[in-house]
Amino acid sequence: MTTSHLISALVMGLLGSGHCLAMCGGVASSLTLAVKDKAQIKRYTLLYNLGRVLSYCIAGALAAGISQQFASQSTTFSQALSILSGVFMILVGLYIMRLTFSLNWIESVGKVAIWQHLVKLNKRLLPINTKSKALAYGMLWGWLPCGLVYSALLFAISTQSAVQGAAFMLLFAIGTLPAMVGLAFAAEKFKQILNHTMMRMVFGNIFIFYGLYLLIIALL
């Protein structure tokens, strides 16, 4: 995995934070309201997000580790992963520019396959009155169906190992932290910056060109 891969993960998380605020803002706010000791809100906010980051890393390690078991046995499978990575990088670019909402269908699949089962665990963690509950709730939150996260995971599967897959998702998660941690303090300001038209167009095009580059490399 090259430095450009890691930078892409970081930028994907950062530029996708506008989507995070729209989709997870309500969840984050409800978590804050669930805190019994209001003096602990800042600390629990950090723990929520630490749990979310851990979930992303675990998912990245699992996705990359399992896929590489197949890729090591088949060059065709390996090439397919590279092509898939390029396609989804282009979709992420279009999504950031708000030219398409083609990633929404992934969220629909995730709600049926994963979230409807995990959401049943919520009640066991409420009220949030301990650090361990805050961390666990954050880890559960990390599996919330999100087209952007799933796209990052599909890109992570093209890395060379479980460790690299986890590293890719770690950088992606770090990119989302400014908006999600700042949600309780300056969410509106972050949203304005991340949703600026010029920023979305510039970085969206970067992702598209990078996706095309990946496709060219995979098909040569």
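Residues numbered from 1 in each chain as written. Predicted model: local features only at pLDDT ≥ 70, side-chain atom pairs only at ≥ 80, totals over all residues. Heavy atoms only, no water.

## Regarding the overall build of the protein
Then, number 1: The number of helices and strands found in the protein is 11 helices and 0 strands.
Then, number 2: When the helices and strands of the protein are placed in sequence order, the string is α-α-α-α-α-α-α-α-α-α-α.
Then, number 3: Within the protein, the fraction of its 220 residues that count as buried is 45%.
Then, number 4: For the protein, the proportion of contacts with a sequence separation of at least 24, taken over those separated by at least 6, is 80%.
Then, number 5: Total accessible area on the protein is roughly 10,800 Å²; 70% of this is exposed by carbon and sulfur atoms. (Helix = DSSP H or I, 4+ residues; strand = E, 2+ residues; numbered from the N terminus. Buried < 20%, exposed > 50% of the residue type's maximum accessible area, 1.4 Å probe, protein only. Contact = heavy atoms within 4.5 Å. Areas by Shrake-Rupley, 256 points an atom, 1.4 Å probe, with all protein chains shown as cover.)

## A closer look at a nonpolar patch on the surface
Then, number 1: A cluster of nonpolar side chains, contributed by I58, L62, I66, F70 and F77, occupies part of the molecular surface with about 470 Å² of accessible area.
Then, number 2: Under the relative-accessibility criterion, F77 is labelled partly exposed at 30%. (Patch = residues over 30% accessible without salt bridge, like charges linked within 9 Å, V, L, I, M, F, W, Y side chains within 5 Å. Salt bridge = Lys/Arg side-chain N within 4 Å of Asp/Glu carboxyl O.)

## Details of the packing of aromatic side chains
Then, number 1: Taken as a whole, this structure holds 2 aromatic pairs when the rule is applied.
Then, number 2: Taken together, a centroid distance of 5.9 Å and an interplanar angle of 50 degrees make the contact between Y56 and F172 tilted. One end of the pair, Y56, is in helix α3 (residues 41–71); the other, F172, is in helix α9 (residues 162–181), with 116 residues separating them in the sequence.
Then, number 3: The ring of W141 has R52 lying over it, and the distance from NZ or CZ to the ring centre is 5.6 Å. (Phe/Tyr/Trp six-rings, centres within 6.5 Å; stacked < 30°, edge-to-face > 60°. Lys NZ or Arg CZ within 6 Å of the ring centre and 35° of its normal.)

## Remarks on the nonpolar core
Then, number 1: Formed by 27 residues in total, the largest nonpolar core has its most connected members in M12, V149, F168, M169, F172 and F207.
Then, number 2: Looking at this core, the elements that each hand over two or more residues are α1 (3–15), α3, α4 (75–96), α8 (147–156), α9 and α11 (197–219).
Then, number 3: By residue number, the principal contributor to this core is α8, which donates 7 residues.
Then, number 4: In this structure, L47, Y48, I128 and W141 belong to the second largest nonpolar core, which totals 10 residues. (Core = buried A, V, L, I, M, F, W, Y, C linked by side-chain atoms within 4.5 Å.)

## Let's talk about the side chain of N49
Then, number 1: Inspection of the secondary structure puts N49 in helix α3.
Then, number 2: Given the relative accessible area of 3%, N49 is considered buried.
Then, number 3: Sequence-distant contacts of N49, defined by excluding residues within four places in its chain, comprise W141, L177, M180 and V181.

## Some details on the packing of α3 against helix α7 (residues 131–141)
Then, number 1: For the pair α3 and α7, the least separation of the axes is 6 Å and the interaxial angle reads 45 degrees. Classified by the angle their axes make, α3 and α7 are oblique. Helix-helix and strand crossings are classified by hand; for α3 and α7 the assignment is right-handed. Only K131, A134, L135, Y137, G138, M139, L140 and W141 of α7 make contact with α3, whose side of the interface consists of R43, Y44, L47, Y48, N49, L50, G51, R52, L54, S55 and I58.
Then, number 2: Per-class residue counts for the contact of α3 with α7 are 12 nonpolar, 4 polar and 3 charged. (Axes fitted to C-alpha atoms, helices over the stretch in contact; angles between N-to-C directions. Parallel < 35°, antiparallel > 145°, perpendicular 65-115°, else oblique. Left-handed = near helix turned anticlockwise from the far one by under 90°. Nonpolar A, V, L, I, M, F, W, Y, C, P; charged D, E, K, R; others polar.)

## Looking at the packing of α1 against α11
Then, number 1: Interhelical geometry of α1 versus α11 gives an angle of 145 degrees and a closest axis separation of 11 Å. When you trace α1 past α11, the crossing you get is left-handed. Note on element contacts: α11 touches α1 through M199, F203, F207 and Y210, opposite S4, H5, S8, V11, M12 and L15.
Then, number 2: In terms of residue class, the contact of α1 with α11 is made up of 7 nonpolar, 3 polar and no charged.

## Observations concerning α4
Then, number 1: Here α4 spans 32 Å end to end across 22 residues, near enough to the 32 Å set by a 1.5 Å rise per residue.
Then, number 2: Restricting attention to buried positions, one finds in α4 the residues L81, S85, G86, F88, M89, I90, L91, V92, G93, Y95 and I96. (Expected span 1.5 Å × (residues − 1).)

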